[in-house]
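# Results of the structural survey
If you want the building blocks of each chain, they are given just below.
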Amino acid sequence: MSKWFSPLWLVLLAGAIPSLGWAQAVGGYAAGCQFDARALPAKGPGFYVIRGSRERFYGQPALIDYLQTLGKKVEQAQLPPMLVADIARERGGPFASGHRSHQTGLDADIWLRSPPKPPHPRRLENISAVDMVNHSLYILSPQFTDRQRQLIALAAQDPRVSRIFVHPLIKQAMCNTYGQAPWLNRLRPWFGHSSHFHVRLHCPAGDKHCEPQPKVAPGTGCGSELTSWIRDKSGALSSKAPGKPYRPVLPEQCQGWVKP
Ligand SMILES: [Zn+2]
């Protein structure tokens, strides 16, 4: 075969022309973009999308499948539907405000509160968060019940998950309930995650421009690392400080593709 017809050219061409429909996550979670994203439907078995007018409901096929599969597990477990908030913009890249990550279509926020009753679209649009931590007493609030524990456990069991960020007190509650469960180390303590948890998937196989994060250390992460997070309450305050808009340098493939 002539080298001009090498399959390599097809691969290069498909990478250069996203409209060919090759979904991929490009770059890092906090400096990247996505091609051929899919939209999570506004609702489905076991879930609702909230604040849909922001148009942050686009993700890579693996993440959309993950969320829809999780919704079905939530329904099977007879839990109230989960509320899916920010995923990513259609082409990814940084948000105008808010989080640094969510750029490659592999991150999603899931709220811990139950849906409004009835779950009218206008209510899902204007919904307010419920904080599961009483920050002045530094304890979990009574709203954090077995429903939240089960939801986080279901979310963490999928092997596609790299990390789930939760407030340190929530990680502690999960350690207390689930002991030695092998998925506990996917739950990473991080301040600011007291009304939602943040799911991050691994780079999908074959996405060669997707930059993975280092693997989490083996073990449940319920020991000394968690204790140090719980002691360091100062971080809970600094994480709320308003920052400048985050404008990272994006990989070459994303330049001209991501809208400002
Ligand atoms: Zn998030």
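Refer to the preceding data block for the structure.
A brief look at the structure comes next. Values in this document were obtained by computation on a predicted structure and should not be read as measured data.

Bringing the state of the cysteines into the picture now. Evaluated as defined, the whole model comprises 3 disulfides. Across a sulfur-sulfur distance of 2.0 Å, Cys175 and Cys222 are joined as a disulfide pair. Taking the sign of the S-S torsion, -85° for the link of Cys175 and Cys222, the bridge is left-handed. Here the residue Cys175 occupies a position in helix α5 (residues 168–178), and Cys222 occupies one in the loop between β13 (196–201) and α6 (224–231), the gap between them amounting to 47 residues. Its relative accessible area of 10% is what places Cys175 among the buried residues. Taken in N- to C-terminal order, the disulfide-linked cysteines of the protein are connected 1-6, 2-5, 3-4.

The textbook angles at a metal center are 109.5 degrees for a tetrahedron of four donors and 90 or 180 degrees for an octahedron of six. Only His102 (NE2), Asp109 (OD) and His198 (ND1) from the protein coordinate the zinc ion, and they sit 2.0 to 2.2 Å from it. Sequence spacing of the donors to the zinc ion: H-x6-D-x88-H. Placement of His102 in the loop between β7 (82–84) and β8 (107–111) and of His198 in strand β13 is noted, with a sequence separation of 96 residues between them. Given the relative accessible area of 0%, His102 is considered buried.

For the coordinates displayed, the defined rule picks out 6 aromatic pairs. Three or more aromatic residues joined by ring pairs make a cluster, and in this case those are Phe165, Trp190, Phe191 and Trp229. Taking NZ or CZ as reference, Arg91 lies 3.8 Å from the ring centre of Trp257, over its face. In this structure, Arg200 packs its charged tip against the face of Tyr29, placed 4.3 Å from the ring centre.

Definitions and cut-offs
- Residues numbered from 1 in each chain as written.
- Predicted model: local features only at pLDDT ≥ 70, side-chain atom pairs only at ≥ 80, totals over all residues.
- Heavy atoms only, no water.
- Disulfide = S-S within 2.5 Å.
- Helix = DSSP H or I, 4+ residues; strand = E, 2+ residues; numbered from the N terminus.
- Buried < 20%, exposed > 50% of the residue type's maximum accessible area, 1.4 Å probe, protein only.
- Donors = N, O, S within 2.8 Å, 3.2 Å for Na, K, Ca; no water.
- Phe/Tyr/Trp six-rings, centres within 6.5 Å; stacked < 30°, edge-to-face > 60°.
- Lys NZ or Arg CZ within 6 Å of the ring centre and 35° of its normal.

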